[in-house]
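Secondary and tertiary structure notes
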Amino acid sequence: WRIKLLLLLLVAFAFNSFLYIFLTHKFNHLPNAKKPHSLIDDLKPTKKARPFGKLGGNVVYSNSDYRFLDANDRPDIGNEVVAPVIVMACKRPHYLKRALDSLLSRRTSEDKFPVIVSQDCNDQETELLIKKYPVYHMKQPDTKSMLGYPAVNRHYGWMLNHIFKDMELERAIILEEDIEVAIDFFDYFEGLSPLLDQDKTLYCISAWNDNGLPSFVESPTAVYRTDFFPGLGWMLKKDLWDQIGSQWPEQYWDDWLRSPSIRNNRACLRPEISRTYTFGAEGVSVGQFFNTHLAKIKLNEIKVDWLHRDLSYLLKPTYDGANSWFSTKFI
């Protein structure tokens, strides 16, 4: 009986295997059969991807304007430049594609805002992707293995020192590979940029509001001074790096920038409605607070004419004076 039972089990197994192969072959040849996932699919926009303008996520760029910057090279920058935009990249090519498509589709002028991708991690797929875009490309040269926040800090420290000391750039806008930008992102920075020159009590301009949930924001034209460094799309000047570069920490650079000794009683400017949106569910922070908070931050959808607005109220004497009047009258 044991032999009969064994034979019966073998027959049942063979029948199930045949049935599985038959059905798999049949359904894989249907018109709507789902194909195996691949990196190429990662590099295509998904239905969950947020729209970022008429060009969308299917833009095909010519790489004729791609240029690699070696250690002694410098981007071609004319007098009309507002600020080069540095995109920090590592090994998330599907994220980087979405970020670059958003950035280049929103860019108002190539001369005013040249884009430089700063690559760490020596990832080949990321490098091949960068070469498809009309951008400058530079690579963090230290190949010593390093993970997590120390690796992020090493990349940031090298990048900032390279652009301000070696390339001698005057200012820059810093983004990461998991950030989309709003329709008026570039006009926002162009309009507010002169305030960094006029007001020495400012040390950055940010496009991000940490509290920018839809229920907390309303005005697309409102901008505030803040003692808290917001990050996630920010502009700084060379003179700030000259002051703090030699003290660069080994990790948690953003918290370090918020420390009183580094902030030195200075403020950043930030909008009421964010001009950046992070979709970085994967990364060094392992998606911490992404679903519960970051993914819900509102991205501005109204184009504001920042170049013709009077922004002088953001200068410290005027801003403090207005707040003093409000406190006297209503508090």
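Details of the structure are given in the entry above.
Given the structure is predicted, the values throughout are model-derived calculations rather than measurements. (Residues numbered from 1 in each chain as written. Predicted model: local features only at pLDDT ≥ 70, side-chain atom pairs only at ≥ 80, totals over all residues. Heavy atoms only, no water.)

1. Focus on helix α5 (residues 148–166)
Compared with the 27 Å implied by 1.5 Å per residue over 19 residues, the 26 Å span of α5 between its first and last C-alpha is a close match. The set of residues buried in α5 consists of Ala151, Asn153, Arg154, His155, Tyr156, Gly157, Met159, Leu160, His162, Ile163 and Phe164. Phi for Glu168, located one or two positions after α5, is positive at around 60 degrees. (Helix = DSSP H or I, 4+ residues; strand = E, 2+ residues; numbered from the N terminus. Expected span 1.5 Å × (residues − 1). Buried < 20%, exposed > 50% of the residue type's maximum accessible area, 1.4 Å probe, protein only.)

2. Some details on the pattern of salt bridges
A complete count under the given rule lists 20 salt bridges for this structure. As a salt-bridge pair, Lys139 and Glu127 come within 3.0 Å of each other at their nearest N and O atoms. A residue pair is termed long-range when its members are at least 10 positions apart, and Lys139 in strand β4 (residues 136–139) and Glu127 in helix α4 (residues 124–130) qualify at 12 residues. Lys139 sits in the partly exposed class, given a relative accessible area of 23%. With a relative accessible area of 18%, Glu127 lands in the buried category. The salt bridge involving Asp197 is made with Arg171; its shortest N-O contact spans 2.7 Å. On the criterion of sequence distance, the pair formed by Asp197 in helix α6 (residues 185–198) and Arg171 in strand β5 (residues 171–176) is long-range, its members being 26 residues apart. The exposure class of Asp197 is partly exposed, given its relative accessible area of 34%. (Salt bridge = Lys/Arg side-chain N within 4 Å of Asp/Glu carboxyl O.)

3. Some thoughts on the environment of Ser102
Tracing the backbone through its elements, the reader meets Ser102 in helix α3 (residues 93–106). By relative accessible area, Ser102 is classed as buried at 0%. With 79 residues separating them along the chain, Ser102 and Val181 place their C-alpha atoms 6.3 Å apart.

4. Considering the environment of Pro84
Its place among the elements puts Pro84 in the loop between β1 (67–68) and β2 (85–89). Note: C-alpha distance between Pro84 and Phe113 (29 residues apart in sequence) is 5.0 Å. Residues contacting Pro84, with those up to four places away along its chain left out, are Ile77, Pro114, Ile116, Leu169, Arg171, Ala172 and Ile173. (Contact = heavy atoms within 4.5 Å.)

5. Digging into the state of the cysteines
Applying the stated rule across the entire model yields two disulfides. A disulfide bridge connects Cys90 with Cys121, and the sulfur atoms are separated by 1.6 Å. Looking along the S-S bond of the Cys90-Cys121 disulfide, the torsion reads about -85 degrees, which is the left-handed sense. Of this pair, Cys90 sits in the loop between β2 and α3 while Cys121 sits in the loop between β3 (115–119) and α4, and the two are 31 residues apart along the sequence. On the accessibility criterion, Cys121 (34% relative accessible area) is partly exposed. Two residues, Cys204 and Cys268, share a disulfide whose sulfurs are 2.0 Å apart. Negative torsions about the S-S bond denote left-handed disulfides, and the value of about 120 degrees found for Cys204 with Cys268 makes this one right-handed. Pair noted here: Cys204 is in strand β7 (residues 202–206) and Cys268 is in strand β10 (residues 267–271), with a separation of 64 residues, a long-range link. Per residue, the accessibility class of Cys204 equals that of Cys268, and both read buried. Of note for the protein chain: the bonded cysteines, numbered N- to C-terminal, pair according to 1-2, 3-4. (Disulfide = S-S within 2.5 Å.)

6. Some words on unusual backbone geometry
The backbone of Asn122 sits at a positive phi, close to 55 degrees, despite the residue not being glycine. The topology assignment puts Asn122 in the loop between β3 and α4. Note on Asn122: relative accessible area 55%, which makes it exposed. In this structure, Leu232 takes a positive phi of about 50 degrees despite not being glycine. With respect to the helices, strands and loops of the structure, Leu232 is situated in the loop between β8 (223–226) and β9 (234–237). Judged by its relative accessible area of 24%, Leu232 is partly exposed.

7. A few points about the sheet that holds β5
Either a parallel or an antiparallel arrangement is found when strands of a sheet pair, and the pairing is made through backbone hydrogen bonds. Taken in spatial order, the nine strands line up as β1-β4-β3-β2-β5-β9-β7-β10-β8 in an open sheet, and their pairing is mixed. Of all the strands in the sheet, just β1 and β8 have a single pairing partner and so form its edges. Across two bridges, the pairing between β7 and β9 is antiparallel. Among the inter-strand pairings, Ile205 is bridged to a residue of β9, identified as Met235. With respect to the sheet, α6 is in contact with β2, β5, β7, β8, β9 and β10, its orientation differing from that of β7 by roughly 175 degrees. (Pairing = 2+ DSSP bridges. Axes fitted to C-alpha atoms, helices over the stretch in contact; angles between N-to-C directions.)

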